[in-house]
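What the coordinates show
Residue strings, one per chain:
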Amino acid sequence: MAKYKRKLVADIEKQKTEEKIQSDLKDKYNIQDPDVVVVEKSNMFKFLIHLLTSLLRLLCVLAVFCLAVCGLLALVYPEPRTALIQVFSSILKQLFSMLSSH
């Protein structure tokens, strides 16, 4: 009996999600007729755009991760840490000299 209830609940949830998707698609394409079923098909151009944006996002996340690891390693080890402090102090000196000259 419980097996049938789980199947029934799953069918009802699936139907609700399909109705929600249809409602969103009808809002997206401004369709008022309740009898119309909207089917959105993907094309190659749309697929490539989504693929390229996903790939670019992944590359950005990997680049930020690598930079964070490099920064953490530069702070953990004493030799790169002193070099990093020297670079930051040089940057601050140049910034203050540029600001004071204007």
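Residues numbered from 1 in each chain as written. Predicted model: local features only at pLDDT ≥ 70, side-chain atom pairs only at ≥ 80, totals over all residues. Heavy atoms only, no water.

Right, let's talk about the overall build of the chain for a bit. Within the chain one finds three helices and zero strands. Along the chain direction, N to C, the helices and strands of the chain fall in the order α-α-α. Relative to the globule expectation of 13 Å for 102 residues, the C-alpha radius of gyration of the chain, 28 Å, shows a markedly less compact shape. For the chain, the spread of C-alpha atoms along the three principal axes comes to 75 × 45 × 30 Å. In the chain, buried positions account for 5% of the 102 residues. Carbon together with sulfur atoms contributes 70% to the accessible area of the chain, which is approximately 9700 Å² in total. (Helix = DSSP H or I, 4+ residues; strand = E, 2+ residues; numbered from the N terminus. Rg over C-alpha atoms; globule rule 2.2 N^0.38 Å. Buried < 20%, exposed > 50% of the residue type's maximum accessible area, 1.4 Å probe, protein only. Areas by Shrake-Rupley, 256 points an atom, 1.4 Å probe, with all protein chains shown as cover.)

There is a patch of nonpolar side chains on the surface, built from F65, V69, L72, L73, V76 and Y77 and spanning about 600 Å² of accessible area. Note that Y77 resides in the loop between α2 (44-76) and α3 (78-101). (Patch = residues over 30% accessible without salt bridge, like charges linked within 9 Å, V, L, I, M, F, W, Y side chains within 5 Å. Salt bridge = Lys/Arg side-chain N within 4 Å of Asp/Glu carboxyl O.)

We now examine the pattern of salt bridges. Under the defined criterion, the tally for this structure stands at three salt bridges. K20 is the salt-bridge partner of D24, the closest N and O atoms lying 3.1 Å from each other. Of the two residues, D24 and K20 are both situated in helix α1 (residues 2-28); the distance of four residues between them amounts to about one turn of the helix. A residue is classified by how much of its surface remains accessible, and D24, at 38% relative accessible area, is partly exposed. Given the relative accessible area of 48%, K20 is considered partly exposed. The partner of E40 in a salt bridge is K28, with the nearest N and O atoms 2.8 Å apart. Residue E40 is located in the loop between α1 and α2, and its partner K28 is located in helix α1; the two are separated by 12 residues in the primary sequence.

With that settled, the discussion passes to the side chain of K26. Looking at where K26 falls in the secondary structure, it is placed in helix α1. It turns out K26 is buried and unbridged, and the closest side chain with the opposite charge, D33, is 6.8 Å from it. When residues no more than four places from it in sequence are discounted, the contact partners of K26 are I31, D33, P34, V36 and V38. (Lys, Arg positive; Asp, Glu negative; His and termini not counted. Contact = heavy atoms within 4.5 Å.)

Moving on, we come to the confidence of the model for the chain. Averaged over the chain, the pLDDT score is 89; the fraction of residues at 70 or greater is 95%. The weakest mean pLDDT in the chain belongs to α1 at 85; the strongest belongs to α2 at 95. (pLDDT = per-residue confidence, 0-100.)

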